[in-house]
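Here is how the chains run, residue by residue.
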Amino acid sequence: MRPTKLSLALTAWLLFISPAWGQEAKKLQKLRIGIPTRSMSSFPQMVAQRQGFYQQEGFDLELIVVSSGIPAIQAVIAGDLDYATTGNVATLAALRGMPVRNVMVSSTATDQVVVVRPEIRRVEDLKGKVLGVAGVRSVSDVSLRLLLTKYGLLPDVDVKIVSLGGSGLRLASLQGGKIDGTLLSPPHNKAAVTLGFRELFSMKDLRGVPSGGLATSLRKIQNDPDSITRAIRITLRAIQFIKRNKEETVKLMSKELAIKDKEISSMIYDDGIKLYSDTGTPTDASMLEEIGIAKEFLGISRDVAIAEVADWSFARAALKGLK
């Protein structure tokens, strides 16, 4: 009996879908990224996940909140995370000899703001107060100590600094009267303002250094370079999407960051896109400034090259591929 057109079509269909006869669907590579909190600094990863960018590049993404920077870096080195987004902490870790490098930046400057009780009007007024940070040597801890020192206040002497965890916990502690101030990123700083608190100081006016991005282990750089380029390309695609699609992005902010007020969402969006990097790489000047701050914090006097803390070759390759 000669095969009919229907039987031929059915055979072809079975060959296509069956692993026994056809090519098995490619399994997605598990990807774990540690973020300090769900905020605008880690928002590109959330957008990329929602838009299917990770799946298109062959990844199954899991975003894991790790509120303190050093544990996130330690998890990257141990292989429990593929990337951490706490770039400033990664720079500190690399200078301490830990096998980790920054491979991209997502923001050209920090979006953190010092938020305080309404009666505090100057940085000098923080003397005798209690301030909350995410954890010891977290980005918020390092940044806050730099600010206090610049204004002549001694951390842990003139100002008490306590570790509390992520932005949501610190905002709750501020609202509950347990602390007098803390560093918050959008949307938490704007939420604090609606509750009657004051934005005292924008950290980008103190530090012109890059913020956020991706940091990974030297082991991954050596053994899995292609996946690094792909992960960076995804983040750059997400940043492009954010900058070109305000209406859709504001809707995503409502879902991912729980910002329900459209006016606040619009304000955060307008501020945020000014900081997002189009290239994934910072200027040498800004990176040297970050290294200088880290050296001062760690008490290091020797010269430090950018290559000791960062490898931008993957970001350059990702940008080239994206174009």
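Our subject is the structure listed above.
Analysis parameters
- Residues numbered from 1 in each chain as written.
- Predicted model: local features only at pLDDT ≥ 70, side-chain atom pairs only at ≥ 80, totals over all residues.
- Heavy atoms only, no water.
- Pairing = 2+ DSSP bridges.
- Helix = DSSP H or I, 4+ residues; strand = E, 2+ residues; numbered from the N terminus.
- Axes fitted to C-alpha atoms, helices over the stretch in contact; angles between N-to-C directions.
- Salt bridge = Lys/Arg side-chain N within 4 Å of Asp/Glu carboxyl O.
- Buried < 20%, exposed > 50% of the residue type's maximum accessible area, 1.4 Å probe, protein only.
- Phe/Tyr/Trp six-rings, centres within 6.5 Å; stacked < 30°, edge-to-face > 60°.
- Lys NZ or Arg CZ within 6 Å of the ring centre and 35° of its normal.

Topic: the sheet that holds strand β9 (residues 198-202)
Move 1: As summarised here, the arrangement of the five strands in space is β7-β6-β8-β5-β9, forming an open sheet in which the pairing is mixed. Only two strands of the sheet have a single neighbouring strand rather than two, namely β7 (160-163) and β9. For this sheet, the mean inter-axis angle between neighbouring strands, taken without regard to orientation, is 30°.
Move 2: Of the pairings in the sheet, the one linking strand β5 (residues 113-116) to strand β8 (residues 181-184) comprises four bridges and is antiparallel in character.

Description of the pattern of salt bridges
Move 1: Inspection of the entire model under this criterion finds 18 salt bridges.
Move 2: One salt bridge connects E62 with R32, and the closest N-O pair in it is separated by 3.5 Å. You can see E62 sitting in strand β2 (residues 59-65) and its partner R32 sitting in strand β1 (residues 29-35), a full 30 residues away along the chain.
Move 3: Overall, E62 belongs to the partly exposed group, its relative accessible area being 31%.
Move 4: With a closest N to O distance of 3.1 Å, R302 and E308 form a salt bridge.
Move 5: Its relative accessible area of 40% is what places R302 among the partly exposed residues.
Move 6: Looking at E308, the relative accessible area reads 27%, which means it is partly exposed.

Things to note about the packing of aromatic side chains
In this description, an aromatic ring pair is defined by two values, namely the gap between the centres and the angle between the planes.
Move 1: One pass over the full model with this rule turns up one aromatic pair.
Move 2: Consider the rings of Y151 and F201, whose centres lie 6.1 Å apart with planes at 80°: the pair is edge-to-face. Note that Y151 is positioned in the loop between α6 (139-150) and β7 and F201 in strand β9, a separation of 50 residues in sequence.
Move 3: Residue classification places F201 among the buried positions, given a relative accessible area of 13%.
Move 4: Taking the ring centre of F53 as reference, the NZ or CZ of R237 above it sits at 3.9 Å.

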